[in-house]
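# Architecture and fold: a report
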Amino acid sequence: MAGSRSIVEALLRVDDIEVVYDGAILAVSGVSLAVPQGGIIALLGANGAGKSTTLKAISGLVRASRAEISRGSIHFKGLASTQTQPSLLVQQGIVHVLEGRHVFPHLTVEENLQSGGFVRRPGRQSLQAGLERIYAWFPRLKEKRKVQAGYTSGGEQQMVAIGRALMTRPSLVLLDEPSMGLAPLIVEEIFEIVSQLNAKEGVSFLVAEQNIPVALKHAHYGYVLETGRVVLSGTAHELLQNNALQDAYLGKTQ
Amino acid sequence: MEFFLEVLIGGLLAGLMYSLVAIGFVLIYKASGVFNFAQGAMVLFAALTFVSLLERGVPFWGAFAVTLLSMLMLAWAIERMVLRPLVNRPPITLFMATLGLSYIIEGLAQTLWGAQVHGLDLGISDEPFEVAGLLLSQFDLFAAGTAGLLVLALSLLFNKTRVGISLRAVADDQLAALSIGIKLQKVWMIVWAVAGFVGLVAGLLWGARLGVQFSLSLIVLKALPVLIIGGFTSIGGAIVGGLIIGASEKLAEVYLGPVIGGGIENWFPYVLALLFLLVRPAGIFGERAIERV
Ligand SMILES: Nc1ncnc2c1ncn2[C@@H]1O[C@H](COP(=O)(O)OP(=O)(O)OP(=O)(O)O)[C@@H](O)[C@H]1O
Ligand SMILES: [Mg+2]
């Protein structure tokens, strides 16, 4: 499906990948997708559809979850990346914001953010400048910077997780269910910041979501996963018009 | 009263020696969730290497440097050959691996340096020393000071440096650490190396106190109650746990000993530890998971 779209200079290209957990459980089979430079792409689907697994395949975190890519290929900036160590992928510009936020609970908000900067080995000043940039995007985090991240609210933790990821200076952010467990107002705030980051700094996003209306409001293009395969894809506008999607998912998630 | 204070303070100071061993455990447990039974063997290995070098005429700091280097190599080898292949295995597997390691390290030390008992003189006399009318052991004061410095250095390392923040990040959440490009293997190696350094310091002090011999690796068993009381994840806990164990075992020996019979010192810490287990399973300073999502 992605092949028929002529994205010549795709930032990320996933071709027909298959991912197996524990050598036996087939979680993703035959997913292909592309993220163009500067795009916000939505990866939609119900529980267990394979969204998180697809993102982990891209970020190289599959192996840490006892899974492997058993077929297909992934190219980031034109380089095959399925065999690359996660730390190297981060250096190359992919960062994964995990489902459920995964802040470091005993580290302060500021230490959480700093930790994201280490991979680039910045000098003291440049690390500080990086922090200020994140605080400009998320002013709320500045107020909480001395608080242990585990004691901040869910919305703040999501901001910490995104801010920490941005500290790696990524060109592509894999964002896994940012709306999970958050009030609609906070979700809207977070997606608004994602859109701004995309527009002003050119950061590309691949966002896995169950909350289809919010995701498609901010994404340019979307893929719909069902039991490990892409069943539908199109521009946000096309998907919003699509009756099958309306029936199958919007009904369920609303 | 004076006598009571002397016993108490003597016990507290001796307790810090237990803390030194316990800290080695805490470091590795915190960062990788591995209960490293081989910590005692590492203490022995360090002490034996150091004393053997001294006996061959190597000067103090030279021997210290070479021993430190060999501890770093040991850490590297353990990470490469044991931990990395066993990553993602259940904790009991890793525990068994470190149990095996402890015998291998002991055997290795014995093969390299022989099995006889060595005396180790750090040049600090064990003469009693008068402070505010109390007689205290000069050696104990020195050991306590060393432990204090070590803890200070570790807390600076953990709180003020990038390596330290990375270590705590890995201790909190390995997957998240991976996701932002932290290399787990590198962090584990550093932790083992730091634990090796702590083992070296503990080895020198314990070696000077008891003589360098194979029973040195058994101080693991003294560290256990300290860990149970202080918690497995807190350096502060290891210190407080050591103080509690040190003081209470000495007081028990002196005041309960005549009633119950001598040698309480050896098992009293376990009584205390078991009582703590019943009341506070995570230890005094054990990190409770922050439950707020
Ligand atoms: N660690 C794991 N071990 C074994 N199977 C797994 C593991 N993680 C996911 N799976 C399986 O892989 C399939 C896809 O799961 P995945 O988490 O990728 O879905 P998802 O679309 O992210 O779902 P959700 O919306 O619930 O997060 C599911 O059938 C799931 O049971
Ligand atoms: Mg998921």
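So, a few notes on the structure that sits alongside this text. What you see is a predicted model, and the numbers here were worked out from it, not measured in a lab. (Residues numbered from 1 in each chain as written. Chains lettered and ligands numbered in written order. Predicted model: local features only at pLDDT ≥ 70, side-chain atom pairs only at ≥ 80, totals over all residues. Heavy atoms only, no water.)

## Concerning the coordination of the magnesium ion (ligand 2)
Taken together, the protein donors to the magnesium ion (ligand 2) comprise S52 of chain A (OG) and E99 of chain A (OE), at separations of 1.9 Å. With S52 of chain A in helix α1 (residues 51-59) and E99 of chain A in the loop between β6 (94-97) and α3 (109-117), this pair connects stretches of sequence that are 47 residues apart. (Donors = N, O, S within 2.8 Å, 3.2 Å for Na, K, Ca; no water. Helix = DSSP H or I, 4+ residues; strand = E, 2+ residues; numbered from the N terminus.)

## What to know about a nonpolar patch on the surface
Residue and element names in this part refer to chain B. Together, L256, V259, I260, W267, V271, L275, L278 and V279 line one region of the surface with nonpolar side chains, adding up to about 840 Å² of accessible area. Listing elements by their share of the nonpolar patch, those giving two or more residues are α10 (235-260) and α11 (264-279). No other element matches the 5 residues that α11 contributes to the nonpolar patch. Inspection of the secondary structure assignment puts I260 in helix α10. The class of I260 is exposed, set by a relative accessible area of 54%. (Patch = residues over 30% accessible without salt bridge, like charges linked within 9 Å, V, L, I, M, F, W, Y side chains within 5 Å. Areas by Shrake-Rupley, 256 points an atom, 1.4 Å probe, with all protein chains shown as cover. Salt bridge = Lys/Arg side-chain N within 4 Å of Asp/Glu carboxyl O. Buried < 20%, exposed > 50% of the residue type's maximum accessible area, 1.4 Å probe, protein only.)

## Notes on the site of ligand 1
All names here are of chain A. Around ligand 1 sit 14 residues, and of these N47, K51, S52, T53 and E99 come closest. In the environment of ligand 1, an oxygen atom lies 2.7 Å from a nitrogen or oxygen atom belonging to the side chain of E99. Relative to its unbound accessible area of 630 Å², ligand 1 is 69% covered by the protein chains. Of all elements in the fold, only β2 (25-36) and α1 reach the threshold of two or more residues within the shell around ligand 1. In the shell around ligand 1, the residues fall into 5 nonpolar, 6 polar and 3 charged. (Near = heavy atom within 4 Å. Polar contact = N/O pair within 3.5 Å; in protein donor to acceptor, adjacent residues only side chain to side chain. Nonpolar A, V, L, I, M, F, W, Y, C, P; charged D, E, K, R; others polar.)

## Digging into the interface of chain B and chain A
Chain B puts 23 residues into the contact, and the matching count from chain A is 37 residues. Counting the surface lost from both chain B and chain A, the interface buries some 2,600 Å², and carbon and sulfur atoms represent 60% of this. The shortest N-O distance in the salt bridge between E111 of chain A and R168 of chain B comes to 2.8 Å. Linking chain B with chain A are 4 residue pairs in polar contact (both at pLDDT 80 or more), by the criterion used here. Of all the secondary-structure elements, those providing two or more residues to the side of chain B that touches chain A are α6 (162-172) and α7 (174-179) of chain B. A per-element tally of the side of chain B that touches chain A places α6 of chain B first, with 6 residues. Looking at the side of chain B that touches chain A, its residues break down into 9 nonpolar, 5 polar and 9 charged. (Contact = heavy atoms within 4.5 Å. Buried area = accessible area lost by both parts, 1.4 Å probe.)

## With respect to the environment of E99 of chain A
A relative accessible area of 31% means that E99 of chain A is categorised as partly exposed. A polar side-chain atom of E99 of chain A sits 2.7 Å from a polar atom in the side chain of S52 of chain A.

## Observations regarding the packing of helix α2 (residues 39-55) of chain B against helix α8 (residues 184-210) of chain B
Residues and elements named next belong to chain B. In the contact formed by α2 and α8, the axes pass within 8 Å of each other and the chain directions differ by 60°. Between α2 and α8, the angle is such that the two are oblique. For α2 against α8, the interelement crossing comes out right-handed. Taken together, the residues of α8 that come into contact with α2 (itself represented by Q39, M42, V43, A46, A47 and F50) are W192, A195, G196, G199, L200, A202, G203 and L204. A breakdown of the residues in the contact of α2 with α8 according to their chemical character gives 10 nonpolar, 4 polar and no charged. (Axes fitted to C-alpha atoms, helices over the stretch in contact; angles between N-to-C directions. Parallel < 35°, antiparallel > 145°, perpendicular 65-115°, else oblique. Left-handed = near helix turned anticlockwise from the far one by under 90°.)

## Some points on the packing of aromatic side chains
On inspection of all chains with the given rule, the structure shows 13 aromatic pairs over all chains. An angle of 85° between the planes, with centres 6.1 Å apart, marks the rings of F37 of chain B and F95 of chain B as edge-to-face. Remark: F95 of chain B occurs in helix α4 (residues 91-113) and F37 of chain B occurs in the loop between α1 (2-32) and α2; sequence separation between them is 58 residues. In this structure F37 of chain B comes out as partly exposed when scored by relative accessible area, which is 22%. Seen from their ring centres, F50 of chain B and F60 of chain B are 5.3 Å apart, and the 80° between their planes marks the pair as edge-to-face. Remark: F60 of chain B occurs in helix α3 (residues 60-83) and F50 of chain B occurs in helix α2; sequence separation between them is 10 residues. F50 of chain B sits in the buried class, given a relative accessible area of 0%. Exposure remark for F60 of chain B: the relative accessible area of 30% places this residue in the partly exposed category. By the ring-pair criterion, three or more aromatic residues cluster together here, those being F25, Y29, F35, F37, F95 and F232 of chain B. Stacked on the ring of F104 of chain A, the Lys or Arg R164 of chain A has its end atom at 4.5 Å from the ring centre. (Phe/Tyr/Trp six-rings, centres within 6.5 Å; stacked < 30°, edge-to-face > 60°. Lys NZ or Arg CZ within 6 Å of the ring centre and 35° of its normal.)

## Thoughts on the side chain of S171 of chain A
All names here are of chain A. With respect to the secondary-structure elements, S171 resides in the loop between α6 (154-166) and β7 (172-176). Residue class for S171 comes out buried when judged on its relative accessible area of 16%. Contacts of S171, omitting those with residues within four sequence positions, involve L11, F76, K77, Q92, G93, V203 and S204.

## Examining the sheet that holds strand β9 (residues 221-226) of chain A
All names here are of chain A. Read across the sheet, 6 strands follow the order β6-β7-β8-β3-β9-β10 without closing on themselves; strand pairing throughout is mixed. Edge positions in the sheet fall to β6 and β10 (229-235), since each has one partner strand and no second. When the angles between neighbouring strand axes are averaged without regard to direction, this sheet yields 15°. In this structure, strand β3 (residues 40-44) lies alongside strand β8 (residues 204-209), joined through 5 bridges in parallel fashion. Paired with L44 across the bridge in β8 is E209. (Pairing = 2+ DSSP bridges.)

## Details of the sheet that holds strand β1 (residues 10-21) of chain A
All names here are of chain A. Ordered by their spatial adjacency, 4 strands build an open sheet running β2-β1-β4-β5, and the pairing between neighbours is antiparallel. The open sheet terminates on both sides in strands that have one partner only, identified here as β2 and β5 (79-80). Both β1 and strand β4 (residues 67-76) contribute to a ladder of 8 bridges, which runs antiparallel. Bridge pairing links Y21 to A67 in β4.

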